[in-house]
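The chain contents come next:
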Amino acid sequence: MTQQSERVLNADLPGHVGKCVRVEGWVHAIRKFGAVNFLILRDRSGQAQVILEPGQMERLDGLQVETVVAVEGTVEEEERAANGVEIRDASLEVISPVTDVLPFELNKRVLKPSLDVFLNNATVGLRYPARAATFRLYSDLLFGFRDYLLGRDFTEIHTPKLVGEATEGGANVFQLDYFGKPAYLAQSPQLYKQIMVGVFERVFEIGPAFRAEPHYTVRHINEYTSLDVEMGFITGPEEVMGLLIALLEQMVQAMVGRHPRDVEALGIELPTFGEVPRITFREAQQIILDRHGENRFEEPDLSPQDERWLGEWALEEHGTDFVFVTHFPTTKVAFYSKPDPGDPEYALNFDLIFRGQELVSGSQRINDHDELLARLEARGMNAASFTGYLEAFKYGMPPEGGFAIGSERLLMRLVGAGNIRETTLFPRDVNRLSP
RNA sequence: GGUCCCGUGGUGUAGUCUGGUUUAACAUGCCACCCUGUCAAGGUGGAGAUCGCCGGUUCAAAUCCGGUCGGGACCGCCA
């Protein structure tokens, strides 16, 4: 049995100058010059340049890029190589040959295929370095999310996605057959996370949310990953909003700290936080009237155009990429949102707009059992189907509140993607159920 | 669900408005050959598309009309 060198990652090669190493990865590109050939090898850490003599080059005859290979050779300093080193005197071993031509080029500066073609071939398309980098940063954002919350005594939970009742009412749920009974895919962990405040005070969940709405927009998909936070013993929604901003700052820091080269390579414009303005729904409408001459006072909610305008306002007037809009009409918010005691027409809720798009919504919740019951009945909802939820309030619930971040939207806005499907690994939309 | 746009080699586009010198063009990819420093390599040559599908108008359709399927954008709704 021949002694096999231990694998070295491409990014670590500069620390192995003069040594014989083994690298493994995918053939990203080949540049043939007859006598001397360049092989660009890609692994999880990055790319490396290998010099292949013609005899070694022959081993790739008939094979395509993305062939998986192992290369053993000597690391040499080389100014002309991309990261200052290259591998010479290399011997190449094919680990997994590729004979089919790729559906589109992965080794060009720009990715050419339309989004539809890309997504139909996402299994290989995601290997495109910039796309892989995007999702590496997504992982960092989630790390930052966990890191911040665990550090503040939050408990991570996972609540069921198969539920017997539609979470918040409405018909926009996927129904399925559960041993002969109707069941639904959870549209939100909302009710369960509130229940869990009664156990842990502070909880969070990273999990899927399913929405059966047939929406055709660049910012909606039918399965998305929701970043849910819920906390008890709050003094008001302001406390929750403060935590949200600090949390987002840490998430961005995690991204920059863990993969600064990806941040740079993707040309990410880091968000400006500053003092995030907090305006009420009515104030937001006034701003739109003042700045754009559009009277929105009869509208029960903000339109996408309104959100874009408010994003511009926040940037120009407050130098921040964020703006809170609070106190939406009580009739418009979810049944569990607490009305403002000072003006019950409006709720103690908030939306956070990031770069002109709704990113987070949250509120202080009704924590009084009887008030909750009355609210359900006033809305014509069947209180009997909320028995388990209501029980948690019957047996003692502190003032509490929370929010949910659309994780793919956050990533979309950070990397400047034009469509949420670009920041979802395998998006589920009205027409797409595979891959 | 409403409105509007788009389907041309593997991929991305031009050509469509104003039907006919279009054996459908260009780039990239693929194949072959040349090249000792590329890094979006370069050069020469080659293969690859009955122009989404069905029907209609016409002497003639990628081009005009109708239907159909597929894709995209905006609105509604939301994260």
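Residues numbered from 1 in each chain as written. Chains lettered and ligands numbered in written order. Predicted model: local features only at pLDDT ≥ 70, side-chain atom pairs only at ≥ 80, totals over all residues. Heavy atoms only, no water.

**Structural notes on unusual backbone geometry**
Turning to step 1, where the next piece is worked out: For the peptide bond that leads from S434 to P435, omega is 0°, which places it in the cis range.
Turning to step 2, where the next piece is worked out: Inspection of the secondary structure puts P435 in the segment after α12 (407-415).
Turning to step 3, where the next piece is worked out: Positive phi outside glycine occurs at F233, with the angle close to 55°.
Turning to step 4, where the next piece is worked out: Along the chain, F233 falls in the loop between β11 (223-232) and α6 (237-258).
Turning to step 5, where the next piece is worked out: In the Ramachandran plot, R355 falls in the positive-phi region, its phi being about 50° despite a non-glycine side chain.
Turning to step 6, where the next piece is worked out: By the secondary structure assignment, R355 is in the loop between β16 (349-354) and β17 (357-364).
Turning to step 7, where the next piece is worked out: Residue classification places R355 among the partly exposed positions, given a relative accessible area of 22%. (Helix = DSSP H or I, 4+ residues; strand = E, 2+ residues; numbered from the N terminus. Buried < 20%, exposed > 50% of the residue type's maximum accessible area, 1.4 Å probe, protein only.)

**Some points on the protein's contact with RNA strand B**
Turning to step 1, where the next piece is worked out: Around RNA strand B sit 48 residues in total, of which E105, R219, H220, L359 and R409 are the nearest.
Turning to step 2, where the next piece is worked out: Among the atoms of RNA strand B close to the protein, meaning within 4 Å, 53% are from sugar or phosphate groups.
Turning to step 3, where the next piece is worked out: Between Q64 and RNA strand B, the recorded distance is 3.3 Å, taken from a side-chain N or O atom to a phosphate oxygen.
Turning to step 4, where the next piece is worked out: The separation between a sugar or linking oxygen of RNA strand B and a polar side-chain atom of Y224 is 3.5 Å.
Turning to step 5, where the next piece is worked out: Looking at the surface near RNA strand B, the elements with two or more residues in it are β1 (20-32), α2 (115-120), α9 (304-318), β17 and β18 (400-406).
Turning to step 6, where the next piece is worked out: Top element by residues in the surface near RNA strand B is β17. It accounts for 4 residues.
Turning to step 7, where the next piece is worked out: Residues of the surface near RNA strand B, tallied by class, amount to 17 nonpolar, 12 polar and 19 charged. (Near = heavy atom within 4 Å. Polar contact = N/O pair within 3.5 Å; in protein donor to acceptor, adjacent residues only side chain to side chain. Nonpolar A, V, L, I, M, F, W, Y, C, P; charged D, E, K, R; others polar.)

**Some remarks on the nonpolar core**
Turning to step 1, where the next piece is worked out: In terms of nonpolar packing, the biggest core is built from 50 residues, with F145, F403 and I405 touching the most fellow members.
Turning to step 2, where the next piece is worked out: The element contributing the most residues to this core is α6, with 10 residues.
Turning to step 3, where the next piece is worked out: Among the nonpolar cores identified, the runner-up in size contains 20 residues, and V8, L52, I87 and L92 belong to it. (Core = buried A, V, L, I, M, F, W, Y, C linked by side-chain atoms within 4.5 Å.)

**Notes on the sheet that holds strand β8 (residues 175-178)**
Turning to step 1, where the next piece is worked out: Strand order in the open sheet formed by 3 strands is β7-β9-β8, with antiparallel pairing between adjacent strands. Strand pairing shows two members of the sheet lacking a second neighbour, β7 (162-163) and β8, which therefore form its edges.
Turning to step 2, where the next piece is worked out: As paired elements, β7 and strand β9 (residues 181-185) share 2 bridges and run antiparallel to each other. Residue pairing in the sheet places V163 in a bridge with Y184 of β9. (Pairing = 2+ DSSP bridges.)

**Let's talk about helix α5 (residues 190-200)**
Turning to step 1, where the next piece is worked out: Inspection of α5 places Q190, L191, K193, Q194 and V197 among the buried residues, and these make up the whole buried set.
Turning to step 2, where the next piece is worked out: The first or second residue beyond α5 is E201, which carries a positive phi of 70°.

**Notes on the domain arrangement of chain A**
Turning to step 1, where the next piece is worked out: Domain assignment breaks chain A into domain 1 (10-96) and domain 2 (124-423).
Turning to step 2, where the next piece is worked out: Distance from the C-alpha centre of domain 1 to the C-alpha centre of domain 2: 46 Å.
Turning to step 3, where the next piece is worked out: Taken together, the 8 residues of domain 1 in the interface contact 4 residues of domain 2.
Turning to step 4, where the next piece is worked out: Area buried by domain 1 at its contact with domain 2 is led by R42, R44 and E66, which between them contribute 55% of it.
Turning to step 5, where the next piece is worked out: On inspection of domain 1 and its partner domain 2, the count reaches 1 salt bridge.
Turning to step 6, where the next piece is worked out: Between R127 and E66 there is a salt bridge, with its nearest N and O atoms 2.9 Å apart. (Domains from an automatic or database assignment. Contact = heavy atoms within 4.5 Å. Buried area = accessible area lost by both parts, 1.4 Å probe. Salt bridge = Lys/Arg side-chain N within 4 Å of Asp/Glu carboxyl O.)

**Side note on the sheet that holds strand β6 (residues 155-156)**
Turning to step 1, where the next piece is worked out: What the 8 strands build is an open sheet, ordered β6-β10-β11-β18-β17-β16-β13-β12; its pairing is mixed. At either end of the open sheet lies a strand with only one pairing partner, and these are β6 and β12 (278-280).
Turning to step 2, where the next piece is worked out: The sheet contact formed by β12 and strand β13 (residues 322-326) spans 3 bridges and is parallel. For I279, the partnering residue across the bridge sits in β13 and is V325.
Turning to step 3, where the next piece is worked out: Docked against the sheet, helix α4 (residues 129-150) engages β6, β10 (202-210), β11 and β18, running at close to 150° with respect to β10.
Turning to step 4, where the next piece is worked out: On top of the sheet, helix α8 (residues 281-292) reaches β12 and β13; it is set at about 90° to β12, its chief contact. (Axes fitted to C-alpha atoms, helices over the stretch in contact; angles between N-to-C directions.)

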